[in-house]
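Remarks on the overall topology
Residue strings, one per chain:
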Amino acid sequence: MMELGGAMKTAGFGLKQPAVDALTEFRTPLDKVFFVYHMGVPGLDAATWRLSIGGLVERAVSLSMADLAAFEPVEVTAFHECAGSPLRPTEPVRRVANVTWRGVRLADVLRRAGVRPDARYLWSYGADHGVFGGVESPCYLKDLPIAETERPDVLLATHINGEKLSDEHGAPVRLVVPGYYGTNSTKWLVRLEPREIRAPGHFTTALYNDRIMLDGRATTRPVWRVAPHAVIVAPAASARLSRRAQQISGWAWGAREIAQVEVSTDGGARWRTALLSPRQQHAWQGFSYDWTPDASGAVELCCRATDRSGEGQPEHGARNAVFRLAVDVE
Ligand SMILES: Nc1nc2c(c(=O)[nH]1)N[C@H]1C(S)=C(S)[C@@H](COP(=O)(O)O)O[C@H]1N2
Ligand SMILES: [Mo]
């Protein structure tokens, strides 16, 4: 693996995570968009930034910011979800936002280099390097199935919600793969390589590779496509509610469009179907449920999503385990 970065602006793990009940807007304002980095922030200079493309291509390419700006600009609104700590992959963290990315299509840029037909994965390199989980990595290296790189909504992004990317969000250019967990959207992007095999780095083999059982055999599954998930944003956590008619509302998302959201007001004993908005682009979908509490005391509200293919959410022990919220009715 190659060393690509220079000095780091900050070193070590960093995280910002607003509470779920702060996510009241359809498009999450920037001050409520989480960020996360494993090894620090490199602090790249847009004036000298280059993206190199090598590996299984017809011709090696190196692009500057001006070169990138010559491609057709595109905008995509998409949910953005972190898979949670790769050291505790079955623990839900509900680290999510819904944002509008602007940039150029990855497919357009790759066409400049010409991806060879034997390529099966696209490796993406971030300029950050350092220690995470006790392991030293020379860069942040991820991979994607090559078919995803042909999607028109997979971007090399320069802007988030109309603003230039901040250093924390991956300036000057990051990959954005709507429908895939955030970990695959490589920030501080400096190199792309179509390859025949999966990337060998710590962040693709040891971390972000779920241990699962398939047909009675233990195997691994890359943390790529986002599993169905839903959260309640109103009422707020530990709210004190009156016994008047009110609404339970929130967001649902997943790699596939969500077909149904159900709400429970008794800790999961009975479930009712919520009103659900259709999906726009790759955005999260709003849901709401009208509720008049019929008794006072502690209540556990829950919500769960099912996608178009019928996949739902596990009760426990998964990053998308059913969301539960304790509230108090007066
Ligand atoms: N180069 C690089 N890219 C990265 C990361 C990182 O540590 N280094 N973290 C990933 C993870 S785990 C997530 S969830 C998203 C978060 O993007 P954000 O910080 O802009 O919200 O970036 C991803 N891209
Ligand atoms: Mo993440």
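In short, a report on the structure. Everything numeric here is computed off the predicted structure, so don't read it as measured data. (Residues numbered from 1 in each chain as written. Chains lettered and ligands numbered in written order. Predicted model: local features only at pLDDT ≥ 70, side-chain atom pairs only at ≥ 80, totals over all residues. Heavy atoms only, no water.)

Okay, the environment of Arg-270 next. Of note, Arg-270 is situated in the loop between strand S22 (258-264) and strand S23 (272-273). The contact partners of Arg-270, leaving out residues within four places of it in the chain, are Val-263, Ser-264 and Thr-265. There is a polar contact of 3.0 Å between the side chain of Arg-270 and the side chain of Asp-266. (Helix = DSSP H or I, 4+ residues; strand = E, 2+ residues; numbered from the N terminus. Contact = heavy atoms within 4.5 Å. Polar contact = N/O pair within 3.5 Å; in protein donor to acceptor, adjacent residues only side chain to side chain.)

For a regular strand, the rule is simple: side chains alternate between the two faces of the sheet. Pairing analysis gives six bridges linking strand S17 (residues 209-214) to strand S18 (residues 217-222), with the strands arranged antiparallel. Across the sheet, residue Met-213 finds its bridge partner in S18, namely Ala-218. Counting the residues in the hairpin turn of S17 and S18 gives two residues, including Asp-215, whose phi is positive at 50 degrees. (Pairing = 2+ DSSP bridges.)

Reading across the sheet, the five strands line up as S6-S5-S16-S9-S12 and stay open at both edges, with mixed pairing between neighbours. Both outer strands of the open sheet, strand S6 (61-63) and strand S12 (140-145), are each paired with one neighbouring strand and no more. On average, each strand axis in the sheet is inclined to that of its neighbour by 15 degrees, with strand direction left out of account. (Axes fitted to C-alpha atoms, helices over the stretch in contact; angles between N-to-C directions.)

For the rest of this paragraph, the subject is empty space enclosed by the protein. The rolling of a water-molecule-sized probe over the atoms marks out the regions of remaining empty space. Applying the stated rule across the entire model yields four cavities of 30 Å³ or more. In this structure, the largest cavity occupies an estimated 220 Å³ of space. Taken together, 20 residues line the largest cavity, and the ones lying closest to its centre are Val-36, Tyr-140, Gly-182, Thr-183 and Lys-187. For the lining of the largest cavity, the elements supplying multiple residues, two or more each, are strand S3 (35-37) and strand S7 (73-81). Among the elements that make up the lining of the largest cavity, the one with the highest residue count is S3 (three residues). A volume near 50 Å³ is recorded for the second largest cavity. Lining of the second largest cavity is provided by Phe-79, His-80, Glu-81, Trp-101, Val-176, Val-177, Pro-178, Gly-179, Tyr-180, Gly-182 and Ser-185. Among the elements that make up the lining of the second largest cavity, the one with the highest residue count is S7 (three residues). (1 Å grid on protein atoms, 1.4 Å probe; cavity = no way out; pocket = protein on both sides within 12 Å on 5 of 7 lines; lining within 4 Å. Points joined across faces, edges and corners; volume = space filled by probe spheres on them.)

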